[in-house]
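Now for the letters of each chain:
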2 protein chains.
Amino acid sequence: MAKQNWKGSALLAPVPAVLVSCGNGEKDNLITIGWTGIVCTQPPKLYISVRPERFSYELIKQSKEFCVNLPTAEMARAVDWCGVRSGRDYDKFAEMKLTKADSFAVNCKSVAECPLTLECKVDSIVPLGSHDMFIADIVNVAVDESLLDENGRLMLEKANLLAYAHGDYFTLGKKIGDFGFSVRKKRNLKRYRK
Amino acid sequence: MAKQNWKGSALLAPVPAVLVSCGNGEKDNLITIGWTGIVCTQPPKLYISVRPERFSYELIKQSKEFCVNLPTAEMARAVDWCGVRSGRDYDKFAEMKLTKADSFAVNCKSVAECPLTLECKVDSIVPLGSHDMFIADIVNVAVDESLLDENGRLMLEKANLLAYAHGDYFTLGKKIGDFGFSVRKKRNLKRYRK
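For the structure given in this document, a descriptive report is provided here. Here the structure is a predicted model, which means the values were calculated and not measured.

1. Topic: the relation of the copies chain A and chain B
Moving on, step 1. The transform that puts chain A on chain B rotates by 180° and translates by 0.0 Å along the axis, for an RMSD of 0.0 Å. These values place the two chain copies in the arrangement generated by a two-fold rotation axis. Across chain A, the smallest distance between a C-alpha and the rotation axis is recorded for glycine 173 of chain A, namely 1.9 Å.
Moving on, step 2. The fraction of interface residues of chain A whose copies in chain B are also interface residues reaches 100%, indicating that both copies meet through the same surface.

2. What to know about the packing of aromatic side chains
Moving on, step 1. Summed over all chains, the structure comprises 9 aromatic pairs over all chains.
Moving on, step 2. Taking 4.9 Å as the distance between ring centres and 70° as the angle between the ring planes, the aromatic pair formed by tryptophan 81 of chain A and tyrosine 90 of chain A counts as edge-to-face.
Moving on, step 3. Looking at tryptophan 81 of chain A, the relative accessible area reads 9%, which means it is buried.
Moving on, step 4. Tyrosine 90 of chain A gets classed as partly exposed once you look at its relative accessible area, which sits at 29%.
Moving on, step 5. The interplanar angle of 55° and the centroid separation of 5.0 Å between the aromatic rings of tyrosine 164 of chain A and tyrosine 169 of chain A together place this pair among those described as tilted. Residues tyrosine 164 of chain A and tyrosine 169 of chain A agree in their burial class; the two are buried.
Moving on, step 6. A network of ring pairs unites the aromatic residues Tyr164 and Tyr169 of chain A together with Phe181 of chain B as a single cluster.

3. Regarding the environment of glycine 129 of chain B
Moving on, step 1. Positionally, glycine 129 of chain B belongs in the loop between β10 (116-127) and β11 (132-144).
Moving on, step 2. Distance from glycine 129 of chain B to proline 52 of chain B, taken between C-alpha atoms, is 9.6 Å for residues 77 residues apart in sequence.
Moving on, step 3. Aside from chain neighbours lying at most four places away, what touches glycine 129 of chain B is Cys40, Gln42 and Pro43 of chain A.

4. Some remarks on the sheet that holds strand β12 (residues 162-165) of chain A
Moving on, step 1. Strand order in this open sheet of 6 strands is β2(A)-β12(A)-β13(A)-β13(B)-β12(B)-β2(B), and the pairing throughout is antiparallel. The two strands at the open ends of the sheet, each matched to only one other strand, are β2 (15-16) of chain A together with β2 (15-16) of chain B.

Conventions adopted
- Residues numbered from 1 in each chain as written.
- Chains lettered and ligands numbered in written order.
- Predicted model: local features only at pLDDT ≥ 70, side-chain atom pairs only at ≥ 80, totals over all residues.
- Heavy atoms only, no water.
- Least-squares fit on C-alpha atoms with pLDDT ≥ 70 in both.
- Contact = heavy atoms within 4.5 Å.
- Phe/Tyr/Trp six-rings, centres within 6.5 Å; stacked < 30°, edge-to-face > 60°.
- Buried < 20%, exposed > 50% of the residue type's maximum accessible area, 1.4 Å probe, protein only.
- Helix = DSSP H or I, 4+ residues; strand = E, 2+ residues; numbered from the N terminus.
- Pairing = 2+ DSSP bridges.

These values are about where atoms sit, not about what they do.
Now the structure itself:
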């Protein structure tokens, strides 16, 4: 395969497309974030990178709290709109008809319509250039009961989550395998033979 | 929607599933990484989080370089295998029949079969617990020419990239819209009427 070499750019894909909620109750806001990821498993930590000029930046910096709400593909229009518009001009919850829910472990509101919410407390802020990275502890996960099977196991594949790749929003498609499938093949074959 | 509250955990999804190549030419290795994301757009920076006990950890710490290779869904078995096995025990390039390609701006090898490679130089290492975060500058992007249209524009949707969600690998599914579609609707309608 012939390759072209381009200057460095933010071409990682696919990435999550999440609704981050923040604010102190007087002013609540939503910001759409693609620059997010898990940075540590134990203790569980994630980051979000936010431009300092964004309205949510000061809200998060002051309260040191935010929620990462995972939207469904049906919510793509609201996700996009919250990424384009500013909380300085709009009440985004009201405009997008999204419901504020009380969170469990933080004071800022969650998005009730999102089936999963990761409630976060900021640990540190790392300035990097266009964006500052907020590194945060995931202190609670709120999970919609409709995603749990009869044993209480999370069936996240039923959530119809959104992905973002190079400017486009996508659903998730076909499941290819689960972690470890490449080394479990023989054992599975034996199981089928029983 | 009734919610259950769980203790904090790494339940962000979907995330990328990438093959990170590293090493100094004497010893080259591959490690599958889901804990990665863009942390800054200008200058372009990403992170990968790696457990210090992983074989790749020392390779990256010593050379201060790595490549984030974006695999296709057809490569899911190799991606999974490289996440389960250790470079201490296997030559992963050879075992998975992946081709070492010279990179453009770093000394470590790229994966020729991956349509996109982000070549990275480590900027800082942040210890967080189970994982250390490598924050790195993206110094070059190698793009397969088969993904470019006649104007040289990247059609990343043709790459058939892999996503990872809660232990499962997925293809990307249906395209829902592009960034800004929620506010461009009227203009598009006008264009149709012409």
